[in-house]
Amino acid sequence: MGLTFSKIEGKSKEFYTLFILLSIFSLIGFICFMVSYISGHHVLGSSSIIPWGMPITITIYFIGLSAGSLILSSLTYVFGKEEYRPIARLAVFLAIVLIFGAMIGIALDLGRPEKSWRLFMFFVLNNMRSMFAVNGILYGGYFLIGVVYLGAIFAENYKFIKLMGKIAIGWAALVHMGTGAIFGFIATRPIFFSPIKPFEFLTAAMVSGLALLMIAVVAVFKFTKRDLKQELIFSLSRLLRILIVVLAVMVLVDKLTHLYSPHREATVWLLTGPYSWIFWLLQVGFAYILPLIILFHPGYSKNLKGVMVAAFLVVIGIFGERFSLVVPGTAYPLPLYPGKIEGIWGMAGSFPITPVESFMSPGIFTLAGLLFLVGLKNLELLPVLPPPPQGTEGKGEGAQPAPEAAKKT
Amino acid sequence: MESSLRPVVMIVEIIVLMGVIGSLFLGVKLTALDFGMEEKYKRFLCWVFMIMGCLALVFFIAHLVTFYPRLST
């Protein structure tokens with residue numbers, strides 16, 4: 001409870017450079033959105049056959065990162081693991097930023113974002129038997145719960161923090177399981193359809209959220225010249241490897257079930273077809289095998305650089321997992337006419353990487369990065385520095401702005 | 001309406017819409033302060049509203065370019 005928190009000063013050349021770079025990329029992303037709005041969704045590579053492209057991939061990826069990050073913040077605020085307190089505030093804030101990024105992704109995918117209010121007309125304009133409508137409640141509630149949770153943390157209302165923490169964990173789990181259910185409950189899409197999808201999504205969320213949190217913590221602490229206890233990252237990496245094993249087993253079970261005769265064509269196509277490299281290289285290679293080799297290696301698992309490489313691979317690999325679900329899942333033809341090929345509807349769709357989409361997608365990431373940076377500069381998210389050694393006062397981002405700005409929690 | 005006037009009226013409409021959005025954000029800020037949000041978080045809120053305002057601006061431009069009536073054609 002004795003830990004104090006502060007914001008970063010945010011006056012260094014590096015801070016402004018990063019801020020300007022993120023702003024420029026976000027602006028380019030905005031312009032690409034304008035092009036897609038004016039010209040139509042085809043400029044994003046989407047089509048009647050593959051209606052869900054990169055914005056939906058990014059959305060479910062961000063939702064996963066966010067839910068994972070929020071669940072991990074509960075290690076301190078709900079389960080009382082004091083050793084994770086220095087990064088708990090950062091985890092909650094990161095979760096809010098990422099769910100905001102996910103909402104932007106959904107708005108971009110809608111094509112007509114001005115109609116997004118209809119998503120929230122529960123029981124009036126929505127078919128509440130649709131998983132999309134149910135998820136509207138989950139996403140909206142999640143954002144509000146996250147904001148109230150962070151507010152309670154800043155207000156140091158410990159009883160309320162614990163209560164909100166418990167609600168937040170449950171809601172975050174529902175959010176990602178609900179997202180998994182969107183895919184898992186679509187019976188007409190053989191690659192999506194699976195009762196295990198909600199649990200697979202929840203585990204993937206915790207894996208990717210934890211990996212991103214580790215990267216964010218190490219980067220921010222290093223950039224602000226804060227003292228990071230490496231054991232904290234190593235203990236998180238031990239948790240990460242367990243979660244990766246659980247996720248890999250779930251995916252294995254899911255694919256083996258789908259490979260069982262008679263309806264195996266779609267999964268065989270996923271594993272051997274044009275998108276198979278995404279599944280094998282990004283999902284299996286980057287998200288499971290390589291990180292597990294590193295995290296179980298006696299040398300690399302106790303080396304910060306090794307753990308960071310593993311975390312980066314996981315973050316990239318889980319993005320590959322999302323992509324290899326969304327795009328091949330919709331590209332595979334619907335079984336409308338079993339046993340027959342009927343024109344274009346019997347062929348697998350293709351997803352071209354277009355220039356507009358290539359610039360718009362990074363814009364969503366940089367916008368989230370920009371919000372994160374603004375939060376670091378204006379909110380007390382980071383633990384206070386230990387006293388600097390003589391002769392180095394005031395250097396770097398970590399310089400504390402004022403003693404009164406630091407808060408106990 | 002002459003087509004040459006279209007960009008002008010669109011700009012006027014964007015100014016009006018951004019005024020509405022700005023008022024809405026100001027209202028949210030005042031409500032948050034009334035509900036006990038500390039003054040030191042005002043700056044963060046302003047930054048968030050500025051970023052969201054940019055998003056709204058981009059959307060309004062795209063929307064008006066696409067849907068504003070072309071009465072002369």
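Everything quoted here is computed from the prediction, not taken from an experiment. (Residues numbered from 1 in each chain as written. Chains lettered and ligands numbered in written order. Predicted model: local features only at pLDDT ≥ 70, side-chain atom pairs only at ≥ 80, totals over all residues.)

### Regarding the overall build of chain A
Scanning chain A from terminus to terminus reveals 11 helices and 3 strands. Start at the N end of chain A and walk to the C end: the helices and strands fall as β-α-α-α-α-α-α-α-α-α-α-α-β-β. By the compact-globule yardstick of 22 Å for 409 residues, chain A fits well, its C-alpha radius of gyration being 22 Å. Here the C-alpha coordinates of chain A stretch approximately 80 × 50 × 40 Å along the principal axes. Split into buried and exposed, the 409 residues of chain A put 46% on the buried side. Of the contacts made within chain A by residues no fewer than 6 positions apart, 77% connect residues no fewer than 24 positions apart. (Helix = DSSP H or I, 4+ residues; strand = E, 2+ residues; numbered from the N terminus. Rg over C-alpha atoms; globule rule 2.2 N^0.38 Å. Buried ≥ 20, exposed ≤ 12 C-beta atoms within 10 Å, placed from the backbone. Contact = placed C-beta atoms within 7 Å.)

### A look at the overall build of chain B
If you tally the helices and strands in chain B, you get 2 helices and 0 strands. In summary, chain B has a C-alpha radius of gyration of 16 Å against a globular reference of 11 Å for 73 residues, an excess of more than 25%. C-alpha atoms of chain B, sized along the principal axes, occupy 55 × 15 × 15 Å. Going through the 73 residues of chain B one by one, you find that 3% of them count as buried.

### Quick word on helix 8 (residues 265-272) of chain A
All names here are of chain A. For helix 8, the complete set of buried residues consists of A266, T267 and L270. The arc that holds every buried residue of helix 8, seen down its axis, measures 95°, which confines them to one face. Turned more than 90 degrees off the buried face of helix 8, the exposed positions are V268 and T272. Those residues of helix 8 hidden inside the fold are in contact with helix 7 (230-259), helix 9 (276-296) and helix 10 (304-331). (Arc of directions from axis to C-beta.)

### Some points on the confidence of the model for chain A
All names here are of chain A. Summary statistics for chain A give a mean pLDDT of 87 and a share of 91% for residues scoring 70 or more. Mean pLDDT across the elements of chain A ranges from a minimum in strand 3 (residues 407-408), with 45, to a maximum in helix 9, with 95. Across residues 392-396, where pLDDT falls below 50, the model places 5 contacts with residues more than four positions away in sequence or in other chains. Considering only residues more than four positions removed or in separate chains, one finds that residues 398-409, a stretch of pLDDT under 50, has 31 contacts. (pLDDT = per-residue confidence, 0-100.)

### Focus on the environment of S73 of chain A
Residues and elements named next belong to chain A. Inspection of the secondary structure puts S73 in helix 2 (residues 54-77). S73 sits in the buried class, given 29 other C-beta atoms within 10 Å. Residues S73 and A173, 100 residues apart in the sequence, show an inter-C-alpha distance of 13 Å. The contact partners of S73, leaving out residues within four places of it in the chain, are A88, A91, V92 and A95.

### A few points about the nonpolar core
Residues and elements named next belong to chain A. Core analysis: the largest hydrophobic core is formed by 124 residues, its most contacted members being A91, V92, V207, L210 and V314. When residues of this core are assigned to their parent elements, the largest contribution, 18 residues, is made by helix 3 (residues 85-110). If near-sequence neighbours (up to four positions away) are discounted, V92 is found in contact with L70, S73, G146, Y149, L150 and I153. (Core = buried A, V, L, I, M, F, W, Y, C linked by C-beta atoms within 7 Å.)

### A look at the environment of D254 of chain A
All names here are of chain A. Considering the arrangement of structural elements, one finds D254 in helix 7. Distance in space between the C-alpha atoms of D254 and Y37 is 37 Å, their sequence separation being 217 residues. In contact with D254, not counting residues within four places along its chain, are S194, I196 and E200.

### Things to note about the confidence of the model for chain B
Mean pLDDT for chain B: 88, with 92% of residues reaching 70 or above. The ipTM, which scores confidence in the relative placement of chains, is 0.86 for this predicted complex, and the corresponding pTM is 0.88.

### Things to note about the packing of helix 1 (residues 13-39) of chain A against helix 2 (residues 42-67) of chain B
At a minimum axis distance of 9 Å, the contact between helix 1 of chain A and helix 2 of chain B shows a crossing angle of 30°. When the axis of helix 1 of chain A is compared with that of helix 2 of chain B, the two are roughly parallel. Helix 2 of chain B is crossed by helix 1 of chain A, and the crossing has right-handed handedness. Every residue of helix 2 of chain B that contacts helix 1 of chain A at F30, F33, M34, Y37 and I38 of chain A is listed here: C54, V58, I61, A62, V65 and T66 of chain B. The residue makeup of the contact of helix 1 of chain A with helix 2 of chain B, split by class, is 10 nonpolar, 1 polar and no charged. (Axes fitted to C-alpha atoms, helices over the stretch in contact; angles between N-to-C directions. Parallel < 35°, antiparallel > 145°, perpendicular 65-115°, else oblique. Left-handed = near helix turned anticlockwise from the far one by under 90°. Nonpolar A, V, L, I, M, F, W, Y, C, P; charged D, E, K, R; others polar.)

### Some words on the environment of A102 of chain A
Residues and elements named next belong to chain A. You can see A102 is positioned in helix 3. When the C-alpha positions of A102 and F62 are compared, they lie 5.3 Å apart, and in sequence the two are 40 residues distant. Here A102 is in contact with T59, F62, I63 and S66, once residues within four sequence places are set aside.

### A look at unusual backbone geometry
All names here are of chain A. Although it is not a glycine, F123 adopts a positive phi angle of roughly 65°. Along the chain, the position of F123 falls in the loop between helix 3 and helix 4 (131-155). Unlike most non-glycine residues, E156 shows phi in positive territory, near 60°. Along the chain, E156 turns up in the loop between helix 4 and helix 5 (158-184).

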